[in-house]
Structures are given as structure tokens and as C-alpha cells.
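Chain by chain, the residues:
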Amino acid sequence: MAAKHILTVDVGTSSTKTSLWTESGQLVAHASLAYPLHRPEPLWAEIDGDIWWRAVCETIQTVLAKSGVDSASVAGIGVDAVGWTLVPVDASGNPLHPAMIWLDRRAEEETAWLKSLPEAEGFVNLNANPLDAAYITPKLVWLRNNRPDIFNSAYKFLEATGFIISRFTGKFVCDHTQAYGYHFFDIRNEKWDQHATQVIGIPIEKMPELRGTTEVVGTVTEKAAQQTGLKPGIPVIAGCLDAAVGALGSGVVKLGQTNEQGGQAGGVGISLDHVVVEPRLIFSHHVIPGQYLLQAGTVGGGSLGWFRDQLGQVEVNAAALLGQNPFEFFSEQVAKSKPGANGLIFLPYMAGERTPLWSSIPRGVFFGLTYNTSRADILRAIMEGCAFAVYDNLQIAEEHGVVVDEYLGSGGATQSAAWCQIKADIYGKPFIVAKRADGGEGGHDLGLFALTSYGVGLCKDIGACVSDMLPARQVFEPSAENHLLYQEMFDIYRSVSRKLMDDFAQLDAVTRKHIGKQ
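I will try to describe carefully the structure that is included in this document. Given the structure is predicted, the values throughout are model-derived calculations rather than measurements. (Residues numbered from 1 in each chain as written. Predicted model: local features only at pLDDT ≥ 70, side-chain atom pairs only at ≥ 80, totals over all residues. Heavy atoms only, no water.)

### Examining the overall build of the chain
Helix and strand content of the chain: 18 helices and 24 strands. Radius of gyration (C-alpha) of the chain: 23 Å, near the 24 Å computed for a compact globule of 518 residues. Across its three principal axes, the chain shows a C-alpha extent of roughly 65 × 55 × 45 Å. The proportion of buried residues among the 518 residues of the chain is 58%. Contacts spanning at least 24 positions in sequence make up 72% of the contacts within the chain whose residues lie at least 6 apart. Carbon and sulfur atoms make up 51% of the accessible area of the chain, which totals about 20,500 Å². Within the chain, the 56 negative side-chain charges are centred at a point lying 3 Å from the centre of the 41 positive side-chain charges. (Helix = DSSP H or I, 4+ residues; strand = E, 2+ residues; numbered from the N terminus. Rg over C-alpha atoms; globule rule 2.2 N^0.38 Å. Buried < 20%, exposed > 50% of the residue type's maximum accessible area, 1.4 Å probe, protein only. Contact = heavy atoms within 4.5 Å. Areas by Shrake-Rupley, 256 points an atom, 1.4 Å probe, with all protein chains shown as cover. Lys, Arg positive; Asp, Glu negative; His and termini not counted. Charge placed at Lys NZ, Arg CZ, Asp CG, Glu CD.)

### Re the nonpolar core
Within the largest apolar cluster, 86 residues are counted, with the highest numbers of intra-cluster contacts made by Phe157, Tyr182, Phe184, Trp192, Leu294 and Tyr427. In terms of residues, this core owes the most to one element, helix H13 (residues 375–398), which gives 13 residues. In terms of nonpolar packing, the next biggest core, distinct from the first, is built from 78 residues, Val252, Cys459, Ile462 and Met469 among them. (Core = buried A, V, L, I, M, F, W, Y, C linked by side-chain atoms within 4.5 Å.)

### Considering the packing of aromatic side chains
As enumerated under the stated definition, the model contains 25 aromatic pairs in all. A ring pair is formed by Phe327 and Phe330, whose centres lie 5.7 Å apart and whose planes are at 80°; its orientation type is edge-to-face. Here Phe330 and Phe327 lie together in helix H12 (residues 326–334), a separation of 3 residues that amounts to about one turn. Judged by centre distance (6.0 Å) and plane angle (45°), the rings of Phe388 and Phe490 are tilted. Here Phe388, found in helix H13, pairs with Phe490, found in helix H17 (residues 480–499); they are 102 residues apart in sequence, far enough to count as distant. Each of the two residues, Phe388 as well as Phe490, counts as buried. The residue whose ring lies beneath Arg106 is Trp44, and the NZ or CZ to ring-centre distance is 3.7 Å. A cation over an aromatic ring shows up here: Lys156 above the ring of Tyr155, its NZ or CZ 5.2 Å from the ring centre. (Phe/Tyr/Trp six-rings, centres within 6.5 Å; stacked < 30°, edge-to-face > 60°. Lys NZ or Arg CZ within 6 Å of the ring centre and 35° of its normal.)

### Regarding a nonpolar patch on the surface
On the surface, Trp306, Leu311 and Met350 cluster together to form a nonpolar patch covering roughly 260 Å² of accessible area. Within the secondary structure layout, Leu311 lies in helix H10 (residues 303–311). (Patch = residues over 30% accessible without salt bridge, like charges linked within 9 Å, V, L, I, M, F, W, Y side chains within 5 Å. Salt bridge = Lys/Arg side-chain N within 4 Å of Asp/Glu carboxyl O.)

### Remarks on the packing of H13 against helix H14 (residues 417–427)
Two elements in contact, H13 and H14, have axes separated by 10 Å at closest approach and are oriented at 40°. With respect to each other, H13 and H14 are oriented oblique. In this structure, the crossing between H13 and H14 has a hand that is right-handed. The segment H13 lies against H14, with Arg380, Met383, Glu384, Cys386, Ala387, Phe388, Val390, Tyr391 and Leu394 engaging Trp419, Ile422, Lys423, Ile426 and Tyr427. Classifying every residue of the contact of H13 with H14 gives 11 nonpolar, no polar and 3 charged. (Axes fitted to C-alpha atoms, helices over the stretch in contact; angles between N-to-C directions. Parallel < 35°, antiparallel > 145°, perpendicular 65-115°, else oblique. Left-handed = near helix turned anticlockwise from the far one by under 90°. Nonpolar A, V, L, I, M, F, W, Y, C, P; charged D, E, K, R; others polar.)

Listed below in C-alpha cells is the structure:
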């Protein structure tokens, strides 16, 4: 029997990553291509959808060339992409406006209007998500108010994954994990709510068909085949949200398991079997049928990158000479500072904060600096502060009776043993990094491989597929003594962060008035 392969495409905020796998889960080839975001206004964050598609085509061509694999052996294609992204398209699937991604907050006025409606609370209960400018719903209202020509002429309103799927197949769909961006999505019954669309003013006929993540929704068209180098007729599944498949790829396959994301956009995803409405957090379907994800999203993960760029020239130079990553030197220094960072607390609000504050106004703060504060203390405080930001959300989840059995780490932060131990101590539960047999980590592409294999019939159980591909587990056990210390430190962290909210607002006003928009 001829060998079969699976192709996975991860469309991220700053790059697209494409991988080719054998049907048994061996990575054959990988390629990535970076692209910049366009920020014509301070609160805007957009990208031309065609840039995404060109990146998809180029990375597919690269993995096929690297591997020497005949694309006729590709048995299925899976796609994941960023969430909360609006892509209006015409009947041919061409984008009519730059994609407004999750970082785009231009629709603040529209969000205020939605919140003022008598039905506002009903939207939140229907969709199990807060009304916030980052979501797709306010962006649709913004488009209607500011570009009525595009709003009225659009054939369909797609999100990022659906847009790429349309390019592959010519079909217009939205999978259940991405639908949480729309506040007229009935998350319990998995359908568009006609009454909600009428109240908000969204023509329901412009919405794509809702499909399950692993459903085959179409096949590669002749046009897509010519553009990518693939053969026409390859099955394509509906695809999913990047955070959801990232949770799967980290090993979250059972209820109670939790993915802790240690990247610039950090956070957690807790697997549940029921809907939880908590407007301070985020809620979506998991990619595994019958499971949901109670999620939190933080933005402080880039704080170490800021330290590197502004204060870490010594480590950058040393890393260049020794062929190492400067973050390795940071981790070594952190180990020299005791838990609690010598009384220093860091609020990692370098770009505002998503959950649970939902505000672009907060800013980063070092609280407790003294003449005895060392460089190692500052670095440890940054790591602890980022973990406190996640823990802030976990406390809210616990208010709803949510119980976390274990934390499964993913993202660049898992490369730091010091940071992993800090997280175990702060969360008070084992922090686990599941790894492949070759020592590599899981991730979006591994989770997407499992989903696609299941969708095209090459595997029978998504969870078992992922678990088999992640046989190794690096476990960081929590210290009870450190956890008690961190609980006291966290109480101060949360108190300071809330007390400063009015001051953050005043600082923002003064900055805009006298210094210019930041």
C-alpha cells in the first residue's frame, strides 16, 4: 500500500507554519514564513488576507520540495488560525477589506453600543463570552458603520480559518471553535441565532455554514492545486482555532486537563464538559467533540523580550558568541534569586491586559524596587509576574467550581526550567511538559495532525493519537513552602493591579494629551 501523508497549516499572528507528516505521525518536513501586521492607526491591527494565502502556498511548496514527497500521497489537509478575526469576502472568496485580527481594538465605540442594548446580557449568555472590542461582533458593527459599501457588498463574513479553507476548497464554512467570536452564535446548540443577528443588524445569509472541526468540508480545487503544488481532490477538514488545537497539541485530551500557554499571548485553556458563562474569561468549544475550553488570555509573555531588547545587550552579545539563546542566560540568573524575587513584584501589563481586566490602559509596573534589588531579582519578578497574571484568571475559574488536575505547558517559556518551576510553585499543581519521543514538544501542528488524521479516517481516537505522540513527560512538582509564599505575594499583586486602574486611566489621558498616542 502506498504511503500516505497529512499536511497541516498553522496561520499565526506573525507567521504561517506548514508541516508534512507520515500517517504514523513522523514529521517529514516543516516550513515557516513571517509577515508584518499593518497598523495604520494606534488601535488597528490588520493584514491583507492574500498575504496569508501566499504564505500558505509558499510554505506548502517548500515542504513538498524539502521532502521530495509526491503530493498525490497527501490524504488530508488541516488548518488552524488566529481567532477573533473578520474577513469579509465576495462570492469568489476574495477579501474585500484587510483582515481585522484579534489585536485590533478599533471597535471600542461599537462595543459600547452593544453593551448599551437591552439584549446585551442575553448576547453574553448565548455566546458565553464578554462583549469586547477584540471579538468579531463589534468589528462587524464597525464595518457596517464605517464601510457600509463593503458591509453591504460582502457575500460572506469569514474568520481566519474559514478564509483559508475557502481558498483551498471554494466552500464557505466556520467551525465551532472559531464561532465563539460572534455573539449571535448559540454555543450550546451550535447554530446562528436569528433573533440576535436581527437585533445587532447582521444579515444571517451572509454568515458561513457552521461545521464540526474534523468534518471534511471539501477538497482542493484545481485553482488551489495550481497555486500550492498540491493535487486537486485532497480532502480538507473544517479546521479550528489556534488556541484550541494548541491545547490539544500540548496533551489536553481529558476533562480537567489544562494547557498553560507560555508565549507572547499567554494564558490557559481548561477542558470542561459544560458551558460556563464568566464574562471576565473566554469560552469556546474544544476541538475534541463533547469538550469545551474555559480560557484566559494574557499579553505579558513578551516582557522578557522587552528586557532583552532594552536591558539585555550583555546576554545578547554573549549568546551570539557562544551560539546560544539569550533567554538561557536569563534563566540561569533567575535561579540565583530566591522565590519572591527579594520582595519585587511585576505587573506584566506591557500592552494592557486581556483577561480578566479587559483593558488596553494598564501598563507594566515594578513594585518593591530597592537598592538591594539585583538583575536576577528583576528577571525572576518578570517570570513570576507573568505567572501571577495567569493565576489571577485561575482564581476566577475556581469560583465556578472548576478543578484543574494538571497543567500541561506549551510555548517558548517551557524551554526555561526555572520558569516552569515558578509556575508549578505559584499554581500549586504539577507543571508538565509533554514531549515527543525525539524530545521535541507538541504544539499546534501535532494537534492538527491528530484532528486531520481522524477527519480523513486514518485514526480512530483523537486523544489516543495525541497521547501516543507525546510519550515523554517532564514534570515539575510544586513546593508547598514556595506556594504559601506565592499566595501571599499574589494577594499583593492583585491588590496593586486593581488599585492602580484609576491611575492607569489618568496616565493614559495625560500621555495622549501631552506626549501623543502611544
